[in-house]
Amino acid sequence: GTIGYLKASAVLCVTGAGQATQEDGIIFPDLLANMFGSFLMGMFANGKTLGLALPLNIAWVTPQHSFQKMTILHKAFTTGFCGSLTTFS
């Protein structure tokens, strides 16, 4: 079944340049960048998303920390940097 399909290096996806295989395609080289970007986005999740009682911008930073007030920087980091890291890796 699936293991034989993957082992045979069958085409897994089609890119703009043509076909890509498991060895030299876009799936595995991008895996680390996608995992790192997703990890960072998880670290910067807000309290509401995590279901916490306090609606903090960053759940693991104290409420008095100055970064809690920098909502524009927080959104720029998570949406801009982490989004581009995971999407364009």
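Here is what the cut-offs are and how they apply
- Residues numbered from 1 in each chain as written.
- Predicted model: local features only at pLDDT ≥ 70, side-chain atom pairs only at ≥ 80, totals over all residues.
- Heavy atoms only, no water.
- Helix = DSSP H or I, 4+ residues; strand = E, 2+ residues; numbered from the N terminus.
- Buried < 20%, exposed > 50% of the residue type's maximum accessible area, 1.4 Å probe, protein only.
- Contact = heavy atoms within 4.5 Å.
- Patch = residues over 30% accessible without salt bridge, like charges linked within 9 Å, V, L, I, M, F, W, Y side chains within 5 Å.
- Areas by Shrake-Rupley, 256 points an atom, 1.4 Å probe, with all protein chains shown as cover.
- Salt bridge = Lys/Arg side-chain N within 4 Å of Asp/Glu carboxyl O.
- pLDDT = per-residue confidence, 0-100.
- Phe/Tyr/Trp six-rings, centres within 6.5 Å; stacked < 30°, edge-to-face > 60°.

A. Here's a closer look at the overall build of the chain. Secondary structure summary: the chain contains four helices and two strands in total. If you list the helices and strands of the chain from N to C, you get α-β-β-α-α-α. Across the 89 residues that make up the chain, the buried fraction comes to 21%. For the chain, long-range pairs separated by at least 24 residues make up 30% of all intrachain contacts whose partners lie at least 6 apart in sequence.

B. Local environment of a nonpolar patch on the surface. Residues Phe36, Phe39, Met43 and Trp60 make up a contiguous nonpolar surface patch of about 450 Å² in total accessible area. Summarising the element assignment, Phe36 is placed in helix H2 (residues 31-43). The exposure class assigned to Phe36 is partly exposed, which follows from its relative accessible area of 46%.

C. Highlighting the confidence of the model for the chain. Chain-level pLDDT for the chain is 75 on average; 65% of the residues reach the 70-or-more range. Per-element mean pLDDT across the chain ranges from 53 in helix H1 (residues 2-7) up to 87 in H2.

D. Layout of the packing of aromatic side chains. On inspection of all chains with the given rule, the structure shows four aromatic pairs. On the numbers, 4.7 Å between centres and 55° between planes, the contact of Phe44 with Phe77 is tilted. Of this pair, Phe44 sits in the loop between H2 and helix H3 (47-50) while Phe77 sits in helix H4 (residues 71-87), and the two are 33 residues apart along the sequence. The exposure class of Phe44 is buried, given its relative accessible area of 17%. Ring centres of Phe77 and Phe81 lie 5.5 Å apart, and the angle between their planes is 20°; on these two criteria the pair is classed as stacked. Taken together, the positions of Phe77 and Phe81, both in helix H4 and four residues apart, correspond to about one turn of that helix. Judged by its relative accessible area of 25%, Phe77 falls in the partly exposed class. The exposure class assigned to Phe81 is partly exposed, which follows from its relative accessible area of 41%.

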